[in-house]
Structure formats: C-alpha cells, structure tokens
Amino acid sequence: MLENIILGFATAFTPENLFYCFIGVFLGTFIGVLPGLGSLAAISMLLPMSFYLEPTTALIMLAGIYYGGEYGGSIASILLNLPGTPSAAVTCLDGNPMAKQGRAGVALFITAIASFVGGSVGVVALMCFGPAIARIGLSFGAGDYFALMLLGLVAAVTVGGGSMLKSLIMVVLGLLLGTVGTDVTSGEFRYTFGFLELRDGVSLVAIAMGLFGVAEVISSVREASKRKIMEKVSMRSMLPTRDDMRKTFAPMARGSSIGGFLGALPGAGTVIASFLAYSTEVRLAKDKSRFGNGAMEGVAAPESANNAAAQTAFIPTLTIGIPGSATMSIMLGALMIHGITPGPLLVSDHPTIFWGLIASFWIGNFFLLVLNIPLIGLWVKVLQFPYKYIYPVVIALICIGVFSMRTSVFDVGLVVIFGGLGYLFQRVGYSAAPLILGFVLGPMLEENLRRAMLLARGDPYRLIADPLTGSILALSAFLLIWAAFSGVQNLLKARRITDMPAGEA
Amino acid sequence: MQAKFWKSMRRVVATSFIGGLALLGSAASVAQSWPERPVTLVVGFPPGGSTDVVARILAEHMSETLGQPVLVENRPGAGGTVGIAHVANADADGYTLGVSGVGASILLAAMDRDTGYDIDEQLDIVGVMGTLGLVIAGRNGLEAKTLKELIQHAAENPEDLAYGSSGVGTPGHLAMEYLLSIADVEMLHIPYQGNTPLMNDVLGGHVDVALLTTPGAAEQVRAGGIYPFAVSSPERSSLMPDVPTVIESGYEGFTATLWNLLVTPKGTPADVQTRLSDALNAAMQDEDVLTSYAEQGLAATLTTPEQAAEFLSTERTKWIGVIADAEVKKK
C-alpha cells in the first residue's frame, strides 16, 4: 500500500504531470463557473489533444477538468443564482440567499472548504477501499437500484423547502419529462411528437439551464434597474465565523458520505448526490424554515457531496472498468486510444496510471483550494458589475453550452421554453429543484423497475424478498409515513394556534 | 463460408488496389484540388466509444495520405442515426464523411424506426472500416462450460436463463436471437442501455448471459469476472485466441459482426470517392493501424466501394431475416 502511494506521488510529481494537473483543475473551475458549459463538453473537446500526451498525463488532466468543474459549478449558483452545472442547481437554493444577505464571500469560502473535504473523503475512499466498494457496487442489481431511486424520490419531495404538495407536483412533472425519448425495454419512441431530436429524451442541461439560468435572467430583468450593486467586500467579511464553521462540520461529513457512496454506484452521479445530501439536511434540521433563506448547511452538504461523488465515480471506472457516467466513458476512451483497455486488472497491470492518478487527485484538490480561496475576492467582484453586462453574456454562454452538448439547435429552443416555464414557476412560488431530481431519477427508476420485473419473471414478491431491495423499500416507506405523520402534526399544531383566542398565542 | 469470402475478397482488392494506383495518375480532375481544407469525419457516438476509436485510428492515417487533417466530429444520439442524418444532408463536396455502423446502416430502418435519412437514396458507400466480433459470455457460476452446453441447458430449463444485450434491436440482441432461432431454444431477453450497465450486471451475477464488445470483455475474461462461451465473428478474436467461434461450437453458418462503413453524401464526385477509398485501404494496410486494430480486437477489411455496397446488401438481407424470425417488435 505504502509503496503504491509513493509510486503514485512519484508519478504525479513530475513537472509535466503537475503542469497538466494544474491546467486541468484550472480549466475545470473556469468551465464549471460558466453556466451551461459542463465538464463533459470540456473533456470531449480536449480529448483529441490528450492523444499526444502520455496516458497517465492525459488522464490526470481530464480528471482535473472533471472534479474542477464540480468546484466551479457552485460559484455562479451562489453569486448570480445561475448554476454552472446541473449538480450545482441545489446550491442556488441557499447559496444565493446568502449572497443576497451580503454573505457571498462566506458562502464561497464554505463551498471551497466543503468541496475540499468532500473531495478528500472521496479520494481516501478510493485509495483504501476502492476494490471493495466496487464489489459492493456490482452486487447492486436492478431491484436495488429501483429501491434506491425510490428512496431518492421520497427524499426529493422535501427538497423544495416550502409546501410539500408543491414539491410533489414538481417531482411528478420531472418524472413526466423524464419519460420522453426511446423506451429502453421496448425500443419505442415515447412523447417525441415526431421530433427526431427528442429520441434521446430532453437534455438535462437544457432543462437545468432553462429553469434556473434563463428564468433567473428573465426575473432579474424586471428588477435590474432597482437592484443595487454590491458594495466592496472586505477580506474580513469573507471569512466564516467560528460558529459558521462549527455548524457546517456535521453537514460536510454527512454530505461527503452520501456523495462518496452514490458516486461509487455506476449511473447515480453527482446530481443525485448533491440533491440527496441537501434533502438529508432539511430532514435533520430542527428549524426547516431556515432552508431556502441562506442556511449554511444547504451549501456545505451538497457541495461536499458532489465533490466526494466526483472522486468516488473513479472507483468503478478504474477498478472494474465500468464507467459510471458519460464523462467517465470519455476518460476510459482516452485510455483505449492509447491501447489500454480498462478492466479489473488495470490496477495491477498499470500501477503508475492508477496510483499516479490518485496522487494527482490530492494535488489537484489542493490546487483547487489554493486557487479558489484567493479568488473569492475576485469572484465576488462579479456582483459589482452592472447586470446589463452580465446577463447578455450569461444568455450567450448558456446557448453555447447547451448547443455544445449535442450540437443541437433544437436544444437551444428548449432552453428558451424551459426558461419561460421556469419564470412562471418562480412567479407562482414553485421550486424547480424537485423537478430536476424527478427528471434525473425517473428514467432510472422506471428502467430498473422494469428490468427487475423482467428478471423476476413478473413476480413482485421476488423483488421485495431480496434483502437489500426489501430494506431500502422499507426505509422509503418509513420516510413517507414519517413525513405524512409530521405533516399532520404540524397541521394540528397550526390549527391549535389559530384556534386560540387572540392575545394568548 | 464468410471467412472464405473475406479471404478471397482481400486478395481481389489487393490486386485491384495496385492496378488502381497505376490508373490514378491519369484520372484526376476534381480530385486534384480536393482536399483543400480539413475534412470532417462524423461519428454518431460520443468520444471514447468503440466507433469513435475506429474513426480516430483511421483518421490519423488518412490525414497523412490525403494531405489535409481528417477531423473526427462527434454527433451522438439515437443509436448513431443523428450523426449519419447530418452527413446525409450535408453538401456532397467530399468534406463531410460519416462512420455508419450496423444500427445506423440497417437495423433501425429495418425495424421501421424513423432515422431521418434513407441510406440508399442519400448516401454513397466508400468502404468497410473493419469488423468486430461480439463475445457471448456468462456470469461466473453457470454450470455450462461450452456454448452447446449452455444452449442445451436453456432447452431443458426454458424459464431458467436470461441474456442481456445493449438494447432492443442492437446487434447483440439480434445476434443472440439469431443463434437462438438456429438452435431452436428460447431465452429471456433483458435490454440494457449500452454495454456498461450490461457489463455491470453480468459481473455482479444479476443476468446470466451477455453479449459484450470484445476489448472490454477480454479484460474481464482475463480477470476471471466472466466466462466466455464463444465469439460471434467468423474467425477467432486476436484478443481471446482460446475462445472458439460460434461456428466452431457447432452452429454452422452463424456469424454476427459489428462493422462500420465510411459513407459520403450521395453525389460526391467519383474521383473524390476513389481518393477516399484508396486512403481508407492504405490505412487498412498500415503497420501501426493494424497494431491498433489488433489491440481493439478489430479485424481489418479491404474493400472497393462496390464490394462495400455488396457487403451492405448481404448484411441487410441477413439482419432483416433475423428481425422477421425473431419477431422483434416493429414500430
């Protein structure tokens, strides 16, 4: 173990690898900040360049872009309520209110720390338990995935903050949007209305950027003239208080564990990780009303979760050769081009690639920390820019980003439609976050349920009888009952208060 | 039979190739100026996938031959048809080429799915870009150790086994249905969304049998995660020389391969097509390309445009028959 780590650092510390690691995380942060442009687009664009590099160096750079993107994604969420990446959408919920309260610096600082903590936890998990975690991931069958996704959906209802009914409506809307596209089990087109562009479903980036990004711009335009520009931010005001740090410690720990676990499951990904970490915090909080109004935990938990997930996503990718996401497949492709086929023997056949990459994660996360904390001052200055300059740029970037995902003009049109819808939702007080989660979880939920039922030859009992599936389902049922129970209790309490004669409450 | 076909085809092409070179000097008009700028090679799958890798290996060598960079452009979506639809509607000036796989060339249209183009009407075929076999592999712990035993087990216990493919109407799905129809047994089909989740489930023991693409499967076989029964190609795979073909396992006449065609929009000038065909075949004989091909489990092919078109029509007849036999649900 120790000699492997030494080998890894020896590989990662060559000037060339350090240089490309820095380039990777720097580019990643930058691209993550730009709304609509994600690490997937960046990695696809840089893949051809990586053919001229050593495989390890190429992977170090591409990986840097990937986890760097998770760092950067939240910056625009906090400052402008515009998520840089879909997984940062949830950071808008509390990050932006913090910025509006003049605590943008603190929010960014917490984000940097939480990301570092999450990233580090992910790397430790990858280093120490990589192969073991990968085996646990393998043991998850379709039924278990279904149960897990259902648990996620139950949790989603609590993400919206306010009314549970409103959240439920949005989750269902997300589920419906998720059904658009080619049905996996039969290969039929569903709800494509003759648009060939919809065969692969609605683009997640188009939905996220429309509902959050464009909607925010539309609503800001109305108030642009009224909105006062932030005054200068002192270094002092950027630093969180001791109390702030104390409050974020547990959320970071929980976020990192949730993210670390979900990241290791192929297909689950950073979006689900950040949303579930957020909803866990809402569940556990005594005073739920703080969420959506600048709760520190609402920033710390999802940020540590998505960064932990970004690191542990390398577990199935590197230890068994199963890429968990589109981005991971591209990274494996970078190896394939060099004639290295990733598989369970990668770690033993090519130890310098595996351990060198892991060592570079440490270095990269450290780079990100030293890169981001001094930059906070610079980022906050964005708020001092007049909005009339920022918003046109944002709209242009969103269009470029969405177009680059699938080179589809149709998707740009979708962004406009979802932008309009998102604005409507904002006006009537419906949060778009549960919709995103429903949209991401829905197709996976359906696909896995149908596969599980096929494998069980149509016998639902066989599905529930599986110990893992059964227990996760039971947990979801418990959460639902608990939610319903506390809902009724709150209602009764509220009624009692209003029933009391005036002056007594 | 197919194997013999290939061998003789290679010989024919090799000789005609040399003859073609001699003729080339005299028959140059448009082709003299082409290519004046970089040529785009459209791939209908994301970067890093098996189709993308094929395109990039060949593009690198073709860039040298043509004297202008051949740039791979990924336009993924809908089983590769989004990219090919783009090629079909591009200008026929020789600057937009496409890599069209089995699905985009035959299968989706054969299942009456709307692809947005008609390959015969809208595309010219330049050549075959190599073939790749599939591996029929089982999870660990299955009793059967040969393909015959596996099929026998399925025949005796019709409810017992399930096989996974990377999707409805993908070559893996149809190849297995083809084999099952030859052997006259039934097995439950579980479609996945691509090779990755399928690999995950067969490694985890959730599905019994899977049709996997060669390079990835070879690595898992080497690590002992899955058990290979047979390869679907007419010849054994360079990556797993110990694994028999389906034909060797006793199913005469069975071959199923993945392949890609180099296509251009219909009406691309004839001399441009000749230059492209020559560049493709030159790449197919290059030492480095052949090494890369072997690493990816790919078999190189040498075809004239006419042979490639004939190859397409033979394959189409076969797969349409399989789709009809297997009663794969049409739209």
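Keep in mind that this is a model prediction, so the values were computed, not measured. (Residues numbered from 1 in each chain as written. Chains lettered and ligands numbered in written order. Predicted model: local features only at pLDDT ≥ 70, side-chain atom pairs only at ≥ 80, totals over all residues. Heavy atoms only, no water.)

Undergrad: Please set out the overall build of chain A residue by residue, giving values where relevant.
TA: Each helix and strand in chain A was counted, giving 22 helices and 2 strands. For 505 residues, the compact-globule estimate of 2.2 N^0.38 gives 23 Å, and the C-alpha radius of gyration of chain A, at 22 Å, lies within 12% of that figure. Long-range pairs, those at least 24 residues apart, make up 79% of the contacts in chain A with a sequence separation of at least 6. Carbon and sulfur atoms make up 70% of the accessible area of chain A, which amounts to about 20,000 Å² in all. In chain A, 31 side chains carry a positive charge and 27 a negative one; their mean positions are 10 Å apart. (Helix = DSSP H or I, 4+ residues; strand = E, 2+ residues; numbered from the N terminus. Rg over C-alpha atoms; globule rule 2.2 N^0.38 Å. Contact = heavy atoms within 4.5 Å. Areas by Shrake-Rupley, 256 points an atom, 1.4 Å probe, with all protein chains shown as cover. Lys, Arg positive; Asp, Glu negative; His and termini not counted. Charge placed at Lys NZ, Arg CZ, Asp CG, Glu CD.)

Undergrad: I'd like a description of the domain arrangement of chain B, backed by residues and values.
TA: All names here are of chain B. When cut into domains, chain B gives domain 1 (9-132 + 257-326) and domain 2 (133-231). Inter-centroid distance (C-alpha atoms) of domain 1 to domain 2 is 29 Å. Carbon and sulfur atoms make up 81% of the area that domain 1 and domain 2 hide from each other, which totals about 1,100 Å². The interface formed by domain 1 and domain 2 contains 0 salt bridges. Taken together, the links from domain 1 to domain 2 amount to 0 residue pairs in polar contact (both at pLDDT 80 or more). Looking at the side of domain 1 that touches domain 2, the elements with two or more residues in it are helix 5 (102-110), strand 4 (123-139) and helix 13 (305-326). Among the elements that make up the side of domain 1 that touches domain 2, the one with the highest residue count is helix 13 (5 residues). In terms of residue class, the side of domain 1 that touches domain 2 is built from 9 nonpolar, 2 polar and 1 charged. (Domains from an automatic or database assignment. Buried area = accessible area lost by both parts, 1.4 Å probe. Salt bridge = Lys/Arg side-chain N within 4 Å of Asp/Glu carboxyl O. Polar contact = N/O pair within 3.5 Å; in protein donor to acceptor, adjacent residues only side chain to side chain. Nonpolar A, V, L, I, M, F, W, Y, C, P; charged D, E, K, R; others polar.)

Undergrad: I'd love a proper account of the packing of aromatic side chains, names of residues and values included.
TA: Counted according to the given criterion, the structure contains 17 aromatic pairs over all chains. Note on Trp34(B) and Tyr95(B): the rings are 6.3 Å apart at their centroids and 55 degrees apart in plane angle, and the pair reads as tilted. Of this pair, Trp34(B) sits in the loop between helix 2 (30-33) and strand 1 (39-43) while Tyr95(B) sits in the loop between helix 4 (81-88) and strand 3 (96-101); the two residues are 61 residues apart in sequence, bridging distant segments of the chain. A relative accessible area of 9% places Tyr95(B) in the buried class. Consider the rings of Tyr178(B) and Trp319(B), whose centres lie 6.4 Å apart with planes at 65 degrees: the pair is edge-to-face. Taken together, the residues span a long stretch of sequence, with Tyr178(B) in helix 8 (residues 171-183) and Trp319(B) in helix 13 at a distance of 141 residues. By relative accessible area, Tyr178(B) is classed as buried at 16%. With a relative accessible area of 0%, Trp319(B) lands in the buried category. Among the aromatic residues, ring-to-ring pairing joins Tyr66(A), Tyr67(A), Phe314(A) and Phe361(A) into one connected group. (Phe/Tyr/Trp six-rings, centres within 6.5 Å; stacked < 30°, edge-to-face > 60°. Buried < 20%, exposed > 50% of the residue type's maximum accessible area, 1.4 Å probe, protein only.)

Undergrad: Outline the nonpolar core, listing residues and values.
TA: Among the nonpolar cores identified, the biggest contains 95 residues, and Ile207(A) and Ile272(A) are the most heavily contacted of them. When sequence neighbours within four positions are dropped, the list of residues in contact with Ile272(A) reads Met149(A), Leu262(A), Leu437(A), Val440(A), Leu441(A) and Met444(A). Within the second largest apolar cluster, 86 residues are counted, among which are Val72(B), Ile119(B), Leu276(B) and Ala283(B). (Core = buried A, V, L, I, M, F, W, Y, C linked by side-chain atoms within 4.5 Å.)

Undergrad: Which residues make up helix 5 of chain B, and what are the values?
TA: Residues and elements named next belong to chain B. Counting buried residues along helix 5, 8 of its 9 residues qualify, which places the element largely inside the surrounding structure. All of the buried residues along helix 5 are Val-102, Gly-103, Ala-104, Ser-105, Ile-106, Leu-107, Leu-108 and Ala-110. Turning to helix 5, the residues buried within the fold contact helix 4, strand 3, helix 6 (119-122), helix 8, strand 9 (257-265) and helix 13. Positioned one or two residues after helix 5, Asp-112 has a phi angle of 65 degrees, which is positive.

Undergrad: So what's going on with empty space enclosed by the protein? Residues and values would help.
TA: All names here are of chain A. The final tally for this structure, using the stated rule, is 1 cavity of 30 Å³ or more. Approximately 60 Å³ is the volume attributed to the largest cavity. At the level of secondary structure, the elements contributing two or more residues to the lining of the largest cavity comprise helix 4 (55-80), helix 6 (104-139) and helix 17 (351-381). Split into classes, the residues belonging to the lining of the largest cavity amount to 6 nonpolar, 3 polar and no charged. (1 Å grid on protein atoms, 1.4 Å probe; cavity = no way out; pocket = protein on both sides within 12 Å on 5 of 7 lines; lining within 4 Å. Points joined across faces, edges and corners; volume = space filled by probe spheres on them.)

Undergrad: Which residues make up the pattern of salt bridges, and what are the values?
TA: Residues and elements named next belong to chain B. Summed over all chains, the structure comprises 18 salt bridges over all chains. For the salt bridge of Arg-75 with Glu-73, the shortest nitrogen-to-oxygen distance reads 2.6 Å. Residue Glu-73 is classed as partly exposed on the basis of its relative accessible area, which comes to 27%. Between Asp-124 and Lys-266 there is a salt bridge whose closest N-O contact spans 3.5 Å. Taken together, the positions of Asp-124 in strand 4 and Lys-266 in the loop between strand 9 and helix 11 (270-284) put the pair 142 residues apart, joining distant regions of the chain. For Lys-266, a relative accessible area of 43% gives the class partly exposed.

Undergrad: So, the environment of Thr185(A): which residues are in play, and what are the values?
TA: As for its position among the elements, Thr185(A) is in the loop between strand 1 (181-182) and strand 2 (189-190). Looking at Thr185(A), the relative accessible area reads 24%, which means it is partly exposed. In this structure, the C-alpha to C-alpha distance between Thr185(A) and Asn448(A), residues 263 residues apart in sequence, is 10.0 Å. Not counting the four nearest positions on each side in its chain, Thr185(A) is found in contact with Arg450(A), Leu454(A), Val168(B) and Pro191(B).

Undergrad: Explain the side chain of Asn74(B) residue by residue, including any values.
TA: Residue and element names in this part refer to chain B. Inspection of the secondary structure assignment puts Asn-74 in strand 2 (residues 70-74). A polar side-chain atom of Asn-74 sits 3.1 Å from a polar atom in the side chain of Arg-56. When near neighbours in sequence (up to four residues on either side) are disregarded, Asn-74 contacts Val-43, Phe-45, Pro-46, Pro-47, Asp-52 and Arg-56.

Undergrad: Which residues make up the interface of chain A and chain B, and what values do they have?
TA: Bring the parts together and some accessible area is lost; that lost area is often taken as the interface size. Counting residues at the interface gives 40 residues for chain A and 45 residues for chain B. Buried surface at the junction of chain A and chain B, summed over both partners, amounts to about 3,600 Å²; 57% is from carbon and sulfur atoms. Where chain A touches chain B, the interface holds 1 salt bridge. Put simply, Arg222(B) and Asp349(A) hold a salt bridge, and the shortest N to O gap is 2.4 Å. The element that contributes the greatest number of residues to the side of chain A that touches chain B is helix 15 (residues 326-337) of chain A, accounting for 5 residues. Class assignment for the residues of the side of chain A that touches chain B results in 20 nonpolar, 13 polar and 7 charged.

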